[in-house]
Amino acid sequence: MEPAAVALCFLLRDTPDGAEVMLGVKKTGFGSGKVVGPGGHVEAGETDAIAACREIHEEAGITVRPEDLQDAGVVQFVFPARPEWNMSARMFTARRWEGEPRESDEIAPAWFSTRALPVERMWQDADHWLPVVLEGRKVNVVVTLATDNETVASSESLLP
């Protein structure tokens, strides 16, 4: 079974108190109640970049142009107990966009300091790759979840 293709976009801004990232509390579906990055499935005929732009607009009302995205790499999520949940997630960051984040049926967006991410409210794997992405570096990581589909069994970087 092929992993689902997904794309996530992390908006970054600089403030007098330091860098911030826009994340959101997931309100419905997969990961409900967790703090997540805006994103979702890549639809047929879409590039990863187009999907990331569409998803952030649908979920947070923000308009990002594909040319304003920075490729941050890929995270493969492996769920041995639920292989239908396997995902290949293309990560992007953006520092240019139009609009202000607004709540949708999917997420309630909020700004968080990149130095104090709410990891206790996120998927446990986020701490394995998100800080690297927010530093402006690329990732190529395989995260394998435990049989509880929540905790990380292993995390392996495929980069040298």
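Whatever comes next refers back to the structure up there.
Please read these numbers as outputs of a predicted model, since none were measured by experiment.

> Describe the layout of surface pockets, naming the residues involved and giving the relevant values.
Quantified by volume, the largest pocket comes out at close to 650 Å³. Leu-8, Phe-30, Gly-39, Met-87 and Trp-123 are the residues nearest the centre of the largest pocket, which is lined by 33 residues in total. Mapped onto the lining of the largest pocket, the elements with two or more residues apiece are strand E1 (4–15), strand E3 (35–36), strand E4 (39–41), helix H1 (48–60), strand E6 (87–94) and helix H2 (126–134). When residues in the lining of the largest pocket are grouped by element, the largest group, four residues, is from E1. Here the lining of the largest pocket is composed, by residue class, of 19 nonpolar, eight polar and six charged.

> Explain unusual backbone geometry to me, and be specific about the residues and the numbers.
With a phi angle near 60 degrees, Asn-149 is a residue other than glycine that sits in the positive phi range. Checked against the element boundaries, Asn-149 lands in the loop between strand E8 (139–145) and strand E9 (152–157).

> Break down the environment of Ser-154 for me, with residues and values.
Mapped onto the secondary structure, Ser-154 falls in strand E9. The class of Ser-154 is partly exposed, set by a relative accessible area of 36%. In the structure, Ser-154 is positioned 148 residues away from Val-6 in sequence and 21 Å away in space, judged by C-alpha atoms. Dropping the residues within four chain positions of it, Ser-154 is found in contact with Val-142, Val-143 and Thr-144.

> Could you give me a rundown of the environment of Asp-127, with the residues and numbers involved?
As for its position among the elements, Asp-127 is in helix H2. Its relative accessible area of 48% is what places Asp-127 among the partly exposed residues. For the pair Asp-127 and Glu-2, spaced 125 residues apart in the sequence, the C-alpha separation amounts to 25 Å.

> Help me get a handle on the pattern of salt bridges, residues and values and all.
Under the criterion given, the structure shown has 17 salt bridges. The salt bridge involving Arg-13 is made with Glu-20; its shortest N-O contact spans 2.7 Å. Overall, Glu-20 belongs to the buried group, its relative accessible area being 17%. In this structure, Lys-138 engages Asp-71 in a salt bridge whose closest nitrogen and oxygen atoms are separated by 3.3 Å. Linking Lys-138 in the loop between H2 and E8 with Asp-71 in strand E5 (residues 69–78), this pair joins segments that are 67 residues apart in sequence. In this structure Lys-138 comes out as partly exposed when scored by relative accessible area, which is 49%. Residues joined in a network through salt bridges with shared partners are Glu-43, Glu-46, Arg-54, Glu-55 and Glu-58.

> Outline the nonpolar core, supporting the account with residue identities and numerical values.
Ranked by size, the top nonpolar core spans 27 residues in total, and within it Phe-10, Phe-77, Met-91 and Trp-129 carry the most contacts. Sorting the residues of this core by element identifies E1, strand E2 (18–26), E5, E6, H2 and E8 as the ones contributing at least two each. Ranked by the residues each element gives to this core, the list is headed by H2, at five residues. The residues touching Phe-77, leaving out its near neighbours within four places in the chain, are Asn-86, Met-87, Ala-89, Met-91, Asp-125, Trp-129 and Val-143.

> Any details on the packing of aromatic side chains? Residues and values, ideally.
According to the stated counting rule, one finds eight aromatic pairs in the structure shown. Residues Phe-79 and Trp-85 carry aromatic rings whose centres are separated by 5.5 Å and whose planes lie at 80 degrees to one another, so their mutual orientation is edge-to-face. Note on Trp-97 and Trp-111: the rings are 5.9 Å apart at their centroids and 25 degrees apart in plane angle, and the pair reads as stacked. Remark: Trp-111 occurs in strand E7 (residues 107–113) and Trp-97 occurs in the loop between E6 and E7; sequence separation between them is 14 residues. Accessibility expressed as a relative area gives 24% for Trp-97, which makes it partly exposed.

What counts, and at which threshold
- In every chain, residue numbers begin from 1 and rise along the written sequence.
- Residue-level local features of this predicted model are given only where pLDDT is at least 70; pairs of side-chain atoms are given and counted only at 80 or more, and the full residue set underlies all totals for whole chains, interfaces and linings.
- In computing side-chain properties, one takes all heavy atoms of the structure into account and sets aside hydrogens as well as water.
- Detection works on a 1 Å grid of protein atoms alone, calling trapped sets that fit a 1.4 Å probe cavities and calling open sets with protein on both sides within 12 Å along at least five of seven lines pockets, with lining residues defined by an atom within 4 Å of a point.
- Grid points are joined across faces, edges and corners, and a volume is the space filled by probe spheres set on the points.
- We count a stretch as a helix when DSSP gives it H or I for four or more residues in a row; a strand needs E for two or more, and each element gets its number in order from the N terminus.
- Under the convention adopted here, Pro, Cys and the residues Ala, Val, Leu, Ile, Met, Phe, Trp and Tyr are nonpolar, Asp, Glu, Lys and Arg are charged, and Gly plus all remaining residues are polar.
- The classification of residues rests on relative accessible area computed with a 1.4 Å probe and restricted to protein chains. Under 20% of the type maximum is buried, over 50% is exposed, and intermediate values are partly exposed.
- Residue contacts are counted whenever heavy atoms from the two residues lie within 4.5 Å of one another.
- A side-chain nitrogen of Lys or Arg and a carboxyl oxygen of Asp or Glu constitute a salt bridge if their distance falls within 4 Å.
- Note on terminology: a nonpolar core comprises buried Ala, Val, Leu, Ile, Met, Phe, Trp, Tyr and Cys residues joined through side-chain atoms within 4.5 Å.
- By convention, a stacked pair of Phe, Tyr or Trp rings (six-membered ring in the case of Trp) has centres within 6.5 Å and planes under 30 degrees apart, an edge-to-face pair has planes over 60 apart, and any other such pair is tilted.

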